[in-house]
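In case you want the letters, here they are:
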Amino acid sequence: MAENEIIAGLDLGTTKVCAIVAESTPEGLDIIGVGSVPSKGLKKGVVVNIESTMQSIRAAVEQAETMAGVEINSVYAGVAGSHVSGMNKDGVAAIQTREVTKADVERVLEQAQAVPLPGDRQVLHVLPQEYIVDDQDGIREPVGMSGVRLEARVHMVTAASTAVANLRKCAERCGLHVSDVVLQPLASADAVLSEDEKEIGVALVDIGGGTTDLILYVDGAVVHTSVIPIGGINLTSDVAQGLRTPMAEAERIKIKYGCSASHMVDEDETIEVPSVGGRPPRVMPRRVLCDIIEPRVEEIFHAVRHVIVETGFSDMLASGVVVTGGTTLLDGMPEHAEALLGLPVRRAAPSGIGGLIDVVRSPGYATAVGLVKYGESHIDGEEVDFVEEPEYSGVQTIRSGFGSRIGAWFREVF
Ligand SMILES: Nc1ncnc2c1ncn2[C@@H]1O[C@H](COP(=O)(O)OP(=O)(O)OP(=O)(O)O)[C@@H](O)[C@H]1O
Ligand SMILES: [Mg+2]
């Protein structure tokens, strides 16, 4: 019997670095190891300190490996930040033998992404939306169809090459091969959205610590991706300033007593707030805290709404909005978001997997779980640079192990 494949995801978040190992079995994907540690080397989703990021990666990977009892050699890594941009493009190609072949499809996708990119940017994803064969549109799988002209509509995601290179560098210096760099909200979508939602039309909003990531699906295809550089850290720093309390306390107070909108909180509820500079703690109405949080939540959802309206797809989101990411755990956020967006809102955590699902059933794990799901569905679609390094594999068997990591170390040192 063939060995089950091991797939690992590495989510480099602004507040936490999370490694997840899963085993791909004939019955589905089983999470077998999870490691999550605070992240110190990232700002707004982008690596700003290689050494700190590497420390977090090592710690998270070690935790996940210990729990799983396997060694992680290669990972699917998530990327985010304001440098990421998405656009819809078209491509056209002649069908060479009057019947669409895989080569024709490859050519039309090549053609669709043939735009002059500035030297400091690179293509991350080319996500097909639909194919058109002669005049027949709405085709998902054109191979085998008869015709003379093949057209493709795609959503293309590009990123700053340096940001991607730094992210790769951090993982590779920890002895990990990066099988693929994946746009974080694309991964999150794999973890929390159903196929039905994608078909009917849905917006996924992943509100993390540093960024709010947006991805829109219409007719089962990605039509928009963007990143808004606001997240939970902004809420915490508002609370720290508003209540004149240290960041760590503000974070604790936000998580324990925070609420998305102050009208959702009872007028008489009080909270105790530690002060700075050795002054005694103060007791104050919980509403005061929520008055500080509310405008920032509104800012986030006004920005989300603005982006959705600008895309022109707002009338095509019949499944409404799905929110995920750690910040959506804020009390009352889905209800508040619904009022602010004028669309139905559901808060989602990863689903559709087995194993240690209880450990990862929280919105903060959407990206990490999504990365292993993405990895599972792209096992055969390795990157081109992979050909040069045949000893690596995007997937590993349980027994494969040390060799490739030592190999990476050798390349690093010599
Ligand atoms: N119960 C809670 N209520 C409010 N906020 C919360 C709660 N739990 C976690 N958070 C916030 O969620 C944020 C972390 O979310 P998440 O883990 O999704 O972010 P990240 O992946 O590290 O960051 P990013 O994706 O932006 O790079 C933190 O700002 C934290 O304060
Ligand atoms: Mg995140």
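Residues numbered from 1 in each chain as written. Chains lettered and ligands numbered in written order. Predicted model: local features only at pLDDT ≥ 70, side-chain atom pairs only at ≥ 80, totals over all residues. Heavy atoms only, no water.

Enquirer: Give a detailed account of the sheet that holds strand β17 (residues 321–324), specifying residues and quantitative values.
Expert: An order of β14-β13-β12-β17-β18 is seen for the 5 strands of this open sheet, with the pairing classed as mixed. In the strand order of this sheet, the two ends are held by β14 (221–228) and β18 (345–347), each with one partner. The sheet shows a mean angle of 20° between the axes of neighbouring strands, direction not considered. The pairing of strand β12 (residues 202–207) with strand β13 (residues 212–218) spans 6 bridges and is antiparallel. (Pairing = 2+ DSSP bridges. Helix = DSSP H or I, 4+ residues; strand = E, 2+ residues; numbered from the N terminus. Axes fitted to C-alpha atoms, helices over the stretch in contact; angles between N-to-C directions.)

Enquirer: Give me the lowdown on the layout of surface pockets, citing residues and values where you can.
Expert: Size it by volume and the second largest pocket reaches roughly 920 Å³. Elements with a contribution of two residues or more to the lining of the second largest pocket: β4 (42–43), β12, α6 (232–242), α7 (247–257) and α11 (366–377). With 6 residues, the top contributor of residues to the lining of the second largest pocket is α7. A class-by-class count of the residues in the lining of the second largest pocket yields 12 nonpolar, 19 polar and 12 charged. Two domains share the lining of the second largest pocket, each providing at least three of its residues, namely domain 1 (1–84 + 159–193 + 351–414) and domain 3 (194–347). (1 Å grid on protein atoms, 1.4 Å probe; cavity = no way out; pocket = protein on both sides within 12 Å on 5 of 7 lines; lining within 4 Å. Points joined across faces, edges and corners; volume = space filled by probe spheres on them. Nonpolar A, V, L, I, M, F, W, Y, C, P; charged D, E, K, R; others polar. Domains from an automatic or database assignment.)

Enquirer: Break down the site of ligand 1 for me, citing the residues and quoting the values.
Expert: The immediate surroundings of ligand 1 are formed by 20 residues, with T14, T15, G210, E251 and K254 found nearest. At a separation of 2.9 Å, an oxygen atom of ligand 1 approaches a polar backbone atom of T211. T327 places a main-chain nitrogen or oxygen 3.2 Å from an oxygen atom of ligand 1. In the complex, 89% of the free accessible area of ligand 1, which totals 660 Å², lies under the protein chains. Structurally, ligand 1 is housed in the second largest pocket. Sorting the residues of the shell around ligand 1 by element identifies α6 and α7 as the ones contributing at least two each. Top contributing element to the shell around ligand 1 by residue count: α7, with 3 residues. Considering only residue class, the shell around ligand 1 consists of 4 nonpolar, 13 polar and 3 charged. Counting the residues that make up the shell around ligand 1, at least three belong to each of domain 1 (1–84 + 159–193 + 351–414) and domain 3 (194–347). (Near = heavy atom within 4 Å. Polar contact = N/O pair within 3.5 Å; in protein donor to acceptor, adjacent residues only side chain to side chain. Areas by Shrake-Rupley, 256 points an atom, 1.4 Å probe, with all protein chains shown as cover. Sits in = over half its atoms within 2 Å of the grid points.)

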